[in-house]
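What follows is the residue order along each chain.
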Amino acid sequence: MSASKNTVITIDELKQPTTMRQRDRVNNAEVGKLEAELQGAVEGEVRFDAGSKAMYAVDASNYRQVPIGVVIPRTKDDVVRTVAACRRYGVPILSRGGGTSLAGQCCNAAIVIDWSKYMHGVLELNLAERWARVLPGTVCDELRDRAMKDSNSLLNWGA
Ligand SMILES: Cc1cc2nc3c(=O)[nH]c(=O)nc-3n(C[C@H](O)[C@H](O)[C@H](O)COP(=O)(O)OP(=O)(O)OC[C@H]3O[C@@H](n4cnc5c(N)ncnc54)[C@H](O)[C@@H]3O)c2cc1C
């Protein structure tokens, strides 16, 4: 399928506060309550505006699904509170990294949790045993750069 066959997202669709048209899981009033709850509970960003929903409706694939809303957590606690709130409202959640998946995996009628903005970085790297512990939004380049830097300093130290 070529990208030109994508359905255009209409302004009316983006203005709708929920994705009821796609899933009958939550009603508009509940989405409003969930948004308010997340706004109060999350230190990071909570976005339910049309522009953000448009941005997160697509990934690197040809698929499109307008999300219910987007949470960009700053901390682990933000994530715990987001998951708890979504669970209470029976709303699905979807993890998103760089959005480079090619089969529509990271766009859906859900609360999208975008890890890439704040929750990235290498926590621990063990070159000898070849393992690393990273935050969930870490991209491969970030890990590779750090591994390269550490292995270079090991080499230089040995010289
Ligand atoms: C130009 C190009 C070339 C590519 N080449 C290759 C290749 O050679 N080999 C290959 O294997 N792949 C390839 N890919 C695919 C690429 O590896 C995937 O797109 C990538 O793994 C997705 O990572 P992401 O962080 O962008 O995740 P997303 O695209 O944001 O998400 C992908 C999936 O992972 C889930 N997810 C994302 N973050 C998390 C998280 N923190 N915790 C739990 N679940 C999460 C999402 O819900 C979704 O289901 C290519 C993609 C592109 C665009």
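Caption draft 1: Seen up close, the site of the ligand. Around the ligand, the surrounding shell holds 15 residues, and the nearest of these are Gly97, Gly98, Ser101, Gln105 and Pro136. Here the residues of the shell around the ligand sort into six nonpolar, seven polar and two charged.

Caption draft 2: Geometry of unusual backbone geometry. Its identity as a non-glycine residue notwithstanding, arginine 130 has a phi of 60°, on the positive side. Relative to the elements of secondary structure, arginine 130 occurs in the loop between strand S5 (122-126) and strand S6 (131-134).

Caption draft 3: Region of the structure containing the pairing of S6. Two elements, S5 and S6, share four bridges in a ladder whose sense is antiparallel. Counterpart to leucine 125 in the pairing with S6 is alanine 132. The loop that links S5 with its antiparallel partner S6 comprises four residues; one of these, arginine 130, has a positive phi angle of about 60°.

Conventions we followed
- Residues numbered from 1 in each chain as written.
- Predicted model: local features only at pLDDT ≥ 70, side-chain atom pairs only at ≥ 80, totals over all residues.
- Near = placed C-beta within 6 Å.
- Nonpolar A, V, L, I, M, F, W, Y, C, P; charged D, E, K, R; others polar.
- Helix = DSSP H or I, 4+ residues; strand = E, 2+ residues; numbered from the N terminus.
- Pairing = 2+ DSSP bridges.

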